[in-house]
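# Working through the structure, step by step
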Amino acid sequence: MIEAYTGAQVRAAETPYLERGQGPALMRRAAHGLALVALERLRDRRGRVAGARVVVLAGTGNNGGDGLWAGAELARRGAAVLAVAVGDRLHPEGEAALRAAGGRVLPAADGAPALRRAVEQVLDADLVLDAVLGTGARGGLRGTAAEIVRAVLDRWPAPGGRAPLVVACDVPSGVSADTGAADGPVLPADATVTFGATKAGHLLPPGDRLCGEVRTVPLGLEDALPAPALRRLEHDDVAALWPRPGAGSHKYSRGVVGVVAGSATYPGAALMCTRAAVDAGAGMVRHLGDAGTRRLVCLTSPEVVASEDHPADLHVQAWVVGPGAVGDPAQESRIDAVLAGPVPAVVDAGALGAAARAAADGALGPAKILTPHAGELVQVLAWLAALGATDEAPDRAAVEADPARWARTAAEATGAVVVLKGATTLVAAPGGTLLSQADGSPWLATAGSGDTLAGVMGAVLAGCAEHPDAFAAAGEWARGDARFAVAAALAVAVHGYASRADGLGPVPPTALSAAVRSVLRLAP
Ligand SMILES: NC(=O)C1=CN([C@@H]2O[C@H](COP(=O)(O)OP(=O)(O)OC[C@H]3O[C@@H](n4cnc5c(N)ncnc54)[C@H](OP(=O)(O)O)[C@@H]3O)[C@@H](O)[C@H]2O)[C@@H](O)CC1
Ligand SMILES: [K+]
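Numbers given for residues are sequential positions, taken from 1 along each chain in its written order. To label them, take the chains in the order written and letter them from A, then take the ligands in the order written and number them from 1. With pLDDT at 70 or above as the cut-off, local features in this predicted model cover only qualifying residues; side-chain atom pairs require 80 or more to be listed or tallied, and sums for whole chains, interfaces and linings still use all residues. Side-chain figures throughout are based on the complete set of non-hydrogen atoms in the structure, without hydrogens or water.

Just so we agree on the cut-off: UniProt positions are given in the numbering used here, feature names are shortened, and annotations may be inferred rather than shown by experiment.
In the annotation of an unreviewed UniProt entry, the entry for the protein chain reads Bifunctional NAD(P)H-hydrate repair enzyme, and the organism field reads Kocuria dechangensis. Under the UniProt heading Subunit (unreviewed entry), the note attached to the protein chain is "Homotetramer."

This is the structure we're talking about:
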């Protein structure tokens, strides 16, 4: 599991060390880790370090200091290192170290000619160390640094062209270490070397897409860190946590999933959703819907028991409501009943409007999991604002600029877990628990993918519904209501792995569902 922290959390953990005078030692350790990754990248690209042209984009603070000390190490290995000073000063010891190692300094803020030279040097470099801003940034890049990065990006080579390698120091400058927000220009990094702990901004969109590979250099702060701001499940976590039947399990103890999906207009959603719940290992899957859809469900997945019942007539461990359930009053009535009841539920697509209404009448509770994509979240937040449950109704650009903020807002306003689907999917629980998963193939952005995810999520939700400690192996934090957020993240991860199971190619939802089975053969 990756645990990530805000910049402020890491700075607070560093404070006692700084007060004991250990700041310079921490900086040297950080800079050495940065230099090692830069050396590795240079060797991969050029075979040797000697003679490589390296530019350090150096800011005025300690982030710049890290870059200058790392530049000094590279200079000692024979690289030609130029520090581009973007502000009115440089970290004094870092600058002295760089000069002592034979590096040069270009004060880029000294007028237009200096700025133009800086841009040429960056474009000509083999490697750029981006050390303008780290955890001390207030907002995105501004001033000379912003002008340089903008001018460089304007001339950044087309795909296939040769661009300098970029290694970011702590975070790509201009990306918030706390939120992943990127206000203004940012040089996309091939690798980001971070210090003390992974930062939340490395795992949150849109900044996560600008980090490249993230490497963390330990600084010995681990024991001083508080609870993480954000977590990401990795392969081993998924293998260990996914609910599996024991010798004494039977279909009811494993979890029955009830699916309220499909309508005369959209029967396919019900087929994909029920199939995925079967493939993800539900003990039993029941489908409620119109006669035509039921017949198709039974033909596609004979394992499913389809009926025209009402949710109140059935005992299930978890519901999935909404996929394709549009324009059918009987389905709407079933959705309302599930939302009003206590049973855990995945609330998708056609049920999100009803969820917003139900939430405005009283919290849905943490056992309900809403699964909007960005467009649907905008709609849900607009409904919540219109119903007086929230103050603000952001547009899509605002949601995409800071998705974590808005996923959290929706979670607090509804009392439910909110899964904001995207290339990086965020899971926000009302208590503040936040997970980020980025496991899927870009091919996953296809119609029906969400119906499949909802089915997979229904299966894992049914498996943990009656077991508050189902995921205790992940840590104390995962007990009780937090298990619903973990269930959601597990489903997102498995769905993502399934999209890559046969390599990177198209994944129509039926193939995706079949791949879920191969992913779940993971050894526990
Ligand atoms: N603490 C430690 O023990 C360790 C810390 N480490 C390293 O220190 C980093 C944090 O260093 P930091 O605190 O000096 O802040 P930092 O990110 O360099 O930026 C602040 C400077 O930038 C400026 N500035 C601010 N916003 C701006 C903007 N939008 N656009 C332009 N400029 C802006 C601001 O200048 P001002 O505006 O105040 O004149 C200020 O001078 C951390 O990320 C890690 O790399 C490691 O060595 C390990 C040990
Ligand atoms: K940086």
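After presenting the structure, the write-up continues.
## Thoughts on the UniProt feature "binding site: K(+)" (unreviewed entry) in the protein chain
We apply this condition: Secondary structure elements follow DSSP: runs of H or I no shorter than four residues count as helices, runs of E no shorter than two count as strands, and numbering proceeds from the N terminus. Type-normalised accessible area, obtained with a 1.4 Å probe on protein chains alone, sets the label of each residue: buried when under 20%, exposed when over 50%, and partly exposed for intermediate values. In what follows, a contact means two residues having at least one pair of non-hydrogen atoms within 4.5 Å.
Under the UniProt annotation, "binding site: K(+)" (unreviewed entry) lies at Asn63, Asp130 and Ser173. These residues run over 111 residues, yet every pair of their C-alpha atoms falls within 9.4 Å of each other. Looking at the secondary structure, you find Asn63 in helix H3 (residues 62-76). Residue Asn63 is classed as buried on the basis of its relative accessible area, which comes to 8%. When residues no more than four places from it in sequence are discounted, the contact partners of Asn63 are Asp130, Ala131, Val132, Leu133, Gly134, Cys169, Asp170 and Ser173. Judged by relative accessible area, Asp130 falls into the buried class, the value being 2%.

## Considerations on the nonpolar core
Quick note on the threshold: Definition used in this section: a nonpolar core is a set of buried Ala, Val, Leu, Ile, Met, Phe, Trp, Tyr and Cys residues joined via side-chain atoms within 4.5 Å.
If you look at the biggest cluster of nonpolar residues, it comprises 63 residues, and the most contacted ones within it are Met457, Phe471 and Leu490. In this structure, Leu74, Ala75, Ala131 and Ala191 belong to the second largest nonpolar core, which totals 47 residues.

## Considering the side chain of Asp130
Note the threshold: His is not counted here, nor are the chain ends, while Lys and Arg score as positive and Asp and Glu score as negative. Salt bridges, as used here, are contacts in which a Lys or Arg side-chain nitrogen is within 4 Å of a carboxyl oxygen on Asp or Glu.
With respect to the secondary-structure elements, Asp130 resides in strand S5 (residues 127-131). Despite being buried, Asp130 has no salt bridge partner; Lys199 is the closest side chain of opposite charge, sitting 14 Å away. Aside from chain neighbours lying at most four places away, what touches Asp130 is Leu57, Asn63, Val166, Val167, Ala168, Cys169, Pro172, Ser173 and Leu187.

## What about the domain arrangement of the protein chain?
Condition: Boundaries between domains were set according to an automatic or database domain assignment. Buried area counts how much accessible surface, traced with a 1.4 Å probe, disappears from two parts once they are put together, with both parts' losses summed. What qualifies as a polar contact is a pair of N or O atoms within 3.5 Å, subject to a donor-acceptor requirement within protein and to the restriction that residues adjacent in sequence count only when both atoms come from side chains.
Taken as a whole, the protein chain is organised into domain 1 (2-232) and domain 2 (235-519). Its C-alpha centre places domain 1 at a distance of 39 Å from the equivalent point of domain 2. Taken together, the contact pairs eleven residues of domain 1 with 15 residues of domain 2. For the pair domain 1 and domain 2, the summed buried area comes to about 1100 Å², and 53% of that belongs to carbon and sulfur atoms. Looking at the side of domain 1 facing domain 2, the largest losses of area belong to Pro205, Arg231 and Arg232, adding up to 53% of the total buried there. Put simply, domain 1 and domain 2 have zero salt bridges between them. Counting across the domain 1 and domain 2 interface gives five residue pairs in polar contact (both at pLDDT 80 or more).

## Notes on the coordination of the potassium ion (ligand 2)
Which entries qualify depends on this criterion: Atoms are scored as donors when they are N, O or S and lie within 2.8 Å of the metal, with 3.2 Å used for Na, K and Ca; no water is included, so coordination may look incomplete. A four-donor site is called tetrahedral if each angle lies between 85 and 135 degrees; a four-donor site is square planar, and a six-donor site octahedral, when trans pairs exceed 155 degrees and the remaining angles lie between 65 and 115; all other cases are labelled irregular.
In the first shell of the potassium ion (ligand 2), the protein supplies Asn63 (OD1), Asp130 (O), Leu133 (O), Cys169 (O), Val171 (O) and Ser173 (OG), at 2.6 to 2.9 Å from the metal. Classification of the site at the potassium ion (ligand 2) rests on its six donor atoms, whose angles at the metal span 72 to 178 degrees, yielding the label irregular. Sequence spacing of the donors to the potassium ion (ligand 2): N-x66-D-x2-L-x35-C-x1-V-x1-S. Overall, the relative accessible area of 1% leaves Cys169 in the buried class. Given the relative accessible area of 1%, Val171 is considered buried.

## Remarks on the site of ligand 1
Basically, it comes down to this: A single heavy atom is enough: if one lies within 4 Å of a molecule or strand, its residue is considered near that molecule or strand. In these tables, accessible area is a Shrake-Rupley quantity obtained with a 1.4 Å probe, and a residue counts as shielded only by the protein chains included in the view. Each residue gets one label: Ala, Val, Leu, Ile, Met, Phe, Trp, Tyr, Cys and Pro are nonpolar, Asp, Glu, Lys and Arg are charged, and the others, such as Gly, are polar.
If you check the shell around ligand 1, you find 23 residues, and the closest are Thr60, Asp66, Gly134, Gly140 and Asp170. Measuring from an oxygen atom of ligand 1, one finds a backbone N or O atom of Gly134 at 2.6 Å. Within the contact set of ligand 1, a nitrogen atom lies 3.4 Å away from a backbone nitrogen or oxygen of Gly139. Contact with the protein chains removes 83% of the 920 Å² of surface that ligand 1 exposes when unbound. By residue class, the composition of the shell around ligand 1 is seven nonpolar, nine polar and seven charged.

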